[in-house]
Amino acid sequence: TPLIKKQAPIPIAMYGGRHAVTMLPGGGIGPELMEYVREVFKYAGAPIDFEVIDIDPRSEESDAFDYAITSIKRNGVGIKGNIETKSESAGVTSRNVALRNELDLYINILHCKSFPGVPARQKDIDIVIIRQNTEGEYAMLEHESVDGVVESMKVVTESNSERVARYAFEFAKRTGRKKITTIHKANIMKLSDGLFLQTSKKIAKEYPEIEHNDMIIDNCCMQLVSKPHQFDVMIMTNLYGSIVSNVLCGLIGGAGLLSGRNYGDHYAIFEPGTRNTGTAIAGKNIANPLAMLNASIDMLNHLGHKQHANLIKNAMMKTVAEDHLLTTDLGGTAKTSEVVQRIIDHILQADIRAW
Ligand code: ATP
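Calculation notes
- Residues numbered from 1 in each chain as written.
- Predicted model: local features only at pLDDT ≥ 70, side-chain atom pairs only at ≥ 80, totals over all residues.
- Heavy atoms only, no water.
- Pairing = 2+ DSSP bridges.
- Helix = DSSP H or I, 4+ residues; strand = E, 2+ residues; numbered from the N terminus.
- Axes fitted to C-alpha atoms, helices over the stretch in contact; angles between N-to-C directions.
- Contact = heavy atoms within 4.5 Å.
- Core = buried A, V, L, I, M, F, W, Y, C linked by side-chain atoms within 4.5 Å.
- Buried < 20%, exposed > 50% of the residue type's maximum accessible area, 1.4 Å probe, protein only.
- Salt bridge = Lys/Arg side-chain N within 4 Å of Asp/Glu carboxyl O.
- Expected span 1.5 Å × (residues − 1).
- Arc of directions from axis to C-beta.
- Phe/Tyr/Trp six-rings, centres within 6.5 Å; stacked < 30°, edge-to-face > 60°.
- Right-handed = clockwise from strand over helix to strand, strands pointing away.
- Near = heavy atom within 4 Å.
- Polar contact = N/O pair within 3.5 Å; in protein donor to acceptor, adjacent residues only side chain to side chain.
- Areas by Shrake-Rupley, 256 points an atom, 1.4 Å probe, with all protein chains shown as cover.
- Nonpolar A, V, L, I, M, F, W, Y, C, P; charged D, E, K, R; others polar.
- Parallel < 35°, antiparallel > 145°, perpendicular 65-115°, else oblique.
- Left-handed = near helix turned anticlockwise from the far one by under 90°.

With that out of the way, let us pick up the sheet that holds strand β2 (residues 48–52). Read across the open sheet, the 10 strands follow the order β2-β1-β3-β12-β11-β4-β5-β10-β8-β9; overall the sheet is mixed. Single-partner strands in this sheet number two, and they are β2 and β9 (211–216). Taken over all neighbouring pairs, the strand axes of this sheet differ in orientation by 25° on average, direction set aside. On top of the sheet, helix α2 (residues 30–44) reaches β1 (19–24), β2 and β3 (77–80); it is set at about 160° to β2, its chief contact. Helix α8 (residues 238–252) rests against β4 (107–113), β5 (126–132), β8 (179–184) and β10 (233–236) of the sheet, and its axis sits at about 160° to β5.

Here you go:
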């Protein structure tokens, strides 16, 4: 369908087959993990030139946010850490949300697939969460109408609900997935979640080969921790997506493992799946580097650099599944730098003639 073909087109490579990619390190553990991405890319020979823009709130550069937008619009692709939102006052918007809105990155995909060698509460999980990424409860329209009364608007539009549903069904068709579950709370939020649910039911009729059902968000959370294998692809509005993503990441290995992809019709941004800042563990050489490395692998795949993506992925798999070198969040004792060094060792030892 034309809708999907238009989506986040692959930017044309520069001279020598190289791509420029915007890198937004963000706060907390973001900068150190980005350094490791650059290090790994250097040894893997990945043909990427990073344009680094610091939009951390402590950054001196007040125009940095605008630079970031301009840079991503020029390069088409970005990789980011989480940008801290320091202020708690109304009117100060999260720059993570603002960035996704400005670039109309209306889809977030989190592929929750069990990782060989990672101890987890549930085994053999393979679920794709497709989340509306720009509206819903993240509309950032809150105000105090009178003292002590706060109103917050949740915005659901038919057009965005349709884009999410259509993307999900096309995704399922393309990747051979069999079932899509719409997650909602339409029994209470009859108009907003009702619209999201009705729209997904309408789109589902165009794809009779893919099974469609729906589930209320509270039951969904219970089913996820007790019987997660019933799920294949799930679609939902923004806030439910954030919560369900974290539940699933917790089931298969925590905040430091999975990556998330943000897509619109023109641009793509790759980031760790649970979007944590990790301020408390920054600078201690203990953060798990795998989520950010997975984001960088997604980015390489998006740009068509599949061999480099596979080279890094295989090195990561060997480090985790064969060497059992894990950071403390995954029950190991390894430091971040040790894990990264081992990944680089495997990259250097890889027999690239096997390609
Ligand atoms: P802060 O950002 O100040 O640490 P927080 O407690 O909300 O605040 P998050 O950043 O949201 O923490 O992260 C949630 C949890 O996941 C924290 O315990 C954090 O240490 C952990 N975490 C996040 N990213 C990673 C990572 N890459 N490796 C290991 N642990 C991580």
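Let us keep going from here.
Looking now at the nonpolar core. Counting residues in hydrophobic clusters, the biggest one holds 86 residues, and the most contacted among them are I130 and M234. In this view, I130 contacts I107, N108, I109, V164, Y167, A168, F171, V233, M234, I235 and M236; residues no more than four positions away in its chain are not counted. Within the second largest apolar cluster, 15 residues are counted, among which are I53, L99, L103 and I269.

So, on to the pattern of salt bridges. Two side chains with opposite charge may pair up if their charged atoms get near one another. By the definition in use, this model includes 20 salt bridges. Ionic pairing is found between R177 and D232, a salt bridge with its closest N-O pair at 2.8 Å. Here R177 is found in the loop between α5 (158–175) and β8, whereas its partner D232 is found in the loop between α7 (217–226) and β10, with 55 residues between them in sequence. Like D232, R177 is buried. Among the charged side chains, a salt-bridge network with shared partners connects E158, E162, R166, K202 and E206.

Quick look at helix α10 (residues 306–322) now. For an α-helix, 3.6 residues make a turn, and residues three or four places apart therefore share a direction. When the terminal C-alpha atoms of α10 are compared, their 23 Å separation across 17 residues agrees well with the 24 Å that a helix rising 1.5 Å per residue should span. Buried within α10 we find H308, A309, L311, I312, A315, M316, T319 and V320. Buried residues of α10 fall within an arc of 165° about the axis and therefore sit on the same side. Positive phi appears at H324, one or two residues downstream of α10, with a value of about 50°.

On to the packing of aromatic side chains. Enumeration according to the criterion identifies five aromatic pairs in this entry. A ring pair is formed by F41 and F50, whose centres lie 5.6 Å apart and whose planes are at 35°; its orientation type is tilted. Look at F41 and you get buried, because its relative accessible area is 4%. Where Y263 meets F270, the ring centres are 6.1 Å apart and the plane angle is 85°; that geometry is what we call edge-to-face. With respect to burial, Y263 and F270 carry one shared label: buried. Through pairs of rings, three or more aromatic residues link up here, namely Y167, F171, Y263 and F270.

Moving on, we come to the pairing of β8. Burial within β8 is extensive, with six of its six residues counted as buried. Handedness of the crossover is the feature at issue here: the chain leaves β8, passes through helix α6 (residues 192–204), returns alongside β9, and the resulting connection is right-handed. As paired elements, β8 and β10 share three bridges and run parallel to each other. Looking at β10, one finds that I180 is bridged to V233.

We now examine the site of the ligand. Lining the immediate environment of the ligand, one finds I29, A255, G256, N276, T277, G278, T279, A280, I281, A287, N288 and D329. Here an oxygen atom of the ligand and a backbone polar atom of A280 are 3.1 Å apart. With respect to the ligand, the backbone of N288 contributes an N or O atom lying 2.8 Å from a nitrogen atom. Coverage of the ligand by the protein amounts to 59% of the 600 Å² it exposes when considered alone. Considered class by class, the residues forming the shell around the ligand number five nonpolar, six polar and one charged.

A few words on the side chain of T327. Positionally, T327 belongs in the loop between α10 and α11 (336–349). Here N288 takes part through its side chain, which lies 3.5 Å from a polar atom of the side chain of T327.

With that settled, consider the packing of α2 against helix α9 (residues 290–302). Contact pair α2 / α9: the axes reach a minimum separation of 9 Å and the direction vectors enclose 50°. Relative to α9, the element α2 is oriented oblique. Like other packed secondary-structure pairs, α2 and α9 cross with a definite hand, here right-handed. Contacts between α2 and α9 involve G30, L33, M34, V37, V40 and F41 from the former and M292, L293, S296, M299 and L300 from the latter. Taken together, the residues of the contact of α2 with α9 break down into nine nonpolar, two polar and no charged.

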